[in-house]
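Below are the chains, spelled out letter by letter.
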Amino acid sequence: MSKKNSVLSRLMPTPQSEPEAQQLPSQFPNLVAEDRHEGVKPIVRVAESSQEAAEQLAGSVATLAASLSRDHQADNQPANAKRKEWGINRAGGSALGKLSEAFAVENELKAVKDQMETGQTIIELDPQVLDSSFIQDRMESSDKAIAELAEQIKEKGQLVPILVRPHPNVPDRYQIAYGHRRVKAAERLGIKIRATVRKMSDEELIIAQGQENNARLDLTFIEKARFVVALENRGFKRKVIREALSVNEGDLSSLIAVGSRIPTDIINAIGPAPGIGRPRWRTLMDLFQDPTCVKRGRQILAENDVQARNSDARFRTLVDRLQKKERPEAQFWEDPHHRRLVSIIASETKCTLQIDQRPEPKFANFLISRLTDIYREFEAQKNN
C-alpha cells in the first residue's frame with residue numbers, strides 16, 4: 001500500500017465489509033448494526049452525532065500531524081508527497097494559530113478591563129471627563145491652596161492617584177470618590193491625572209471618600225458634620241455613615257447635632273475652621289438656641305472686617321461677641337434746632353427712648369399725651 005493511502009487511512013475510519021457491519025434500511029439512517037450479537041439478535045447502536053464526529057476528526061487531525069512529523073524523520077517519501085502533506089499541515093496550523101491569537105487578544109483585553117474596574121490598574125484621565133462626587137465632604141478650597149498644590153505636583157509629580165468610578169448615568173465619564181483638589185491642580189497645570197478606576201455603588205463610593213479623608217486627617221470637625229448631615233438627608237443608614245468616617249455612635253450623634261442645629265449659611269460663612277474642635281462648635285450650637293443670636297450671628301459675619309479674617313478668627317469673633325451680649329449703640333434724634341433731645345437704643349426685643357428734658361422740659365409730657373394718636377395713625381398706615 002502506498003504511503004499516501006497509509007496517511008489517509010490514519011485519518012478516515014476503515015470501512016467494514018458487509019458481513020462485519022450490516023446496514024439497516026435507509027429509513028433508519030442513524031442506526032448501525034454491529035458484528036456483535038446478544039443471543040441470536042444483533043446489537044444495534046445509534047450513530048454518533050455530527051458534533052461528536054467533528055470532535056473525533058479534530059483529534060484525528062492532531063494525531064496525524066504528530067505522526068507525519070515522525071514519518072518525516074524516518075521515511076524517504078517522494079518530495080511531491082512531502083510538500084503536499086506539509087502544505088496541509090501549514091494551512092491547518094495557520095488557521096488554528098490565528099484562532100488562538102484572536103482568543104488570546106480577547107482574553108487579554110478582558111483581563112485589562114477587569115483589572116481596571118477592580119482598581120488594579122492606574123490610568124491617566126483628562127480632568128475634563130471627571131465629575132465631582134454626588135456628596136461634597138470638603139468645603140471649597142481657596143485658589144491659593146489649589147495653586148500651592150499645583151506647584152507641588154509640578155515639582156514632584158502626582159505621588160498618589162485619585163479614585164474614580166465609571167459614571168453611573170453618563171457614558172465615557174467618571175465620578176470622583178476622592179482627589180478633587182488634585183484634579184483641580186492638574187487642570188490648572190493642563191496635564192492628565194493619574195487615577196484608579198473601580199466599579200462602586202453609591203455606598204461604596206462614600207465609604208471610600210470618607211475613609212480616605214479620615215485616614216489623612218484631612219477633614220475638619222465641621223466638614224465632617226456637614227458631610228454626615230448631607231449623607232443622612234440622602235437616606236444613607238447610620239451604619240454606612242459610621243463606616244465611612246470610622247466613628248462610633250456617640251461621635252456620630254454629636255456630628256449630626258452640630259451639623260443640623262447650626263444654620264448652613266452660618267457654617268459656610270465661617271468656613272472649615274481647622275483649629276476649632278467639637279467642644280467650641282457645641283458652644284456655638286448652644287448659643288444658637290436663642291433665636292436672637294442667629295440674627296446677630298448673621299449680622300456679625302456680614303461685617304467686612306470679620307469677613308477679611310481667616311476661618312478660625314471668624315469663628316472666635318462670632319462666639320466672643322455672642323457671649324458678651326453686646327449692648328447696641330445708641331442713636332440720637334435731633335430737633336430742628338440741632339439739639340439732641342432723644343436717645344434711642346434698640347435691641348432684638350425692645351427699643352428704649354430717653355428724652356433729655358433740660359433743653360426742652362415740656363417735650364416729654366407732650367409726647368406721652370400724643371401716644372394714642374400716634375398709634376392710631378400707625379395702625380391706619382399699616383392697614384393701607
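The coordinates are above.
What you are looking at is a predicted structure, and each value in this text was computed from that prediction instead of being measured. (Residues numbered from 1 in each chain as written. Predicted model: local features only at pLDDT ≥ 70, side-chain atom pairs only at ≥ 80, totals over all residues. Heavy atoms only, no water.)

A. Structural view of the overall build of the protein. If you tally the helices and strands in the protein, you get 16 helices and ten strands. Here the protein, with 384 residues, has 30% of them falling under the buried criterion. Taking contacts inside the protein between residues at least 6 apart in sequence as the whole, the part at least 24 apart equals 63%. (Helix = DSSP H or I, 4+ residues; strand = E, 2+ residues; numbered from the N terminus. Buried < 20%, exposed > 50% of the residue type's maximum accessible area, 1.4 Å probe, protein only. Contact = heavy atoms within 4.5 Å.)

B. Spotlight on the nonpolar core. Among the nonpolar cores identified, the biggest contains 47 residues, and Ile262, Ile270, Trp281, Leu284, Phe288 and Leu318 are the most heavily contacted of them. Broken down by element, this core gets its largest block of residues, six residues, from helix H7 (residues 221-233). In this structure Phe288 touches Ile262, Pro263, Ile266, Cys293, Val294, Leu318 and Leu322, once residues within four positions along its chain are discounted. (Core = buried A, V, L, I, M, F, W, Y, C linked by side-chain atoms within 4.5 Å.)

C. Structural context of the pattern of salt bridges. Taken as a whole and judged by the stated rule, the model has 14 salt bridges. With a closest N to O distance of 3.2 Å, Glu232 and Arg238 form a salt bridge. The partly exposed category is assigned to Arg238, whose relative accessible area is 32%. The partner of Glu249 in a salt bridge is Arg238, with the nearest N and O atoms 3.1 Å apart. (Salt bridge = Lys/Arg side-chain N within 4 Å of Asp/Glu carboxyl O.)

D. Looking closely at the packing of helix H8 (residues 238-245) against helix H9 (residues 249-261). Packing of H8 against H9 brings their axes to within 10 Å, and their N-to-C directions diverge by 95 degrees. With respect to each other, H8 and H9 are oriented roughly perpendicular. Where H8 approaches H9, its residues Arg238, Ile241, Arg242 and Leu245 are matched on the opposing element by Glu249, Leu252, Ser253, Leu255 and Ile256. (Axes fitted to C-alpha atoms, helices over the stretch in contact; angles between N-to-C directions. Parallel < 35°, antiparallel > 145°, perpendicular 65-115°, else oblique.)

E. Focus on H7. With 13 residues, H7 extends 18 Å from end C-alpha to end C-alpha; this agrees with the ideal 18 Å at 1.5 Å per step. The buried fraction of H7 is high, at ten of 13 residues. Within H7 the residues assigned to the buried category are Phe221, Ile222, Glu223, Lys224, Ala225, Arg226, Phe227, Val228, Val229 and Leu231. The positive-phi residue at the C-terminal boundary of H7 is Gly235, with phi of around 95 degrees. (Expected span 1.5 Å × (residues − 1).)

F. Local environment of the sheet that holds strand E10 (residues 351-355). The strand order across the open sheet formed by three strands is E8-E9-E10, and the pairing between neighbours is antiparallel. Looking at which strands have only one partner, the edges of the open sheet turn out to be strand E8 (331-334) and E10. The sheet shows a mean angle of 25 degrees between the axes of neighbouring strands, direction not considered. Here E8 runs beside strand E9 (residues 340-346); their pairing, made up of four bridges, is antiparallel. The residue of E9 that forms the bridge with Phe332 is Ser343. (Pairing = 2+ DSSP bridges.)

G. Summary view of unusual backbone geometry. Positioned with a positive phi, Ala273 is a non-glycine residue whose angle comes to about 45 degrees. Structurally, Ala273 can be placed in the loop between helix H10 (264-270) and helix H11 (278-287). Positive phi is not limited to glycine here, since His338 has a value of about 65 degrees. Residue class for His338 comes out exposed when judged on its relative accessible area of 65%.

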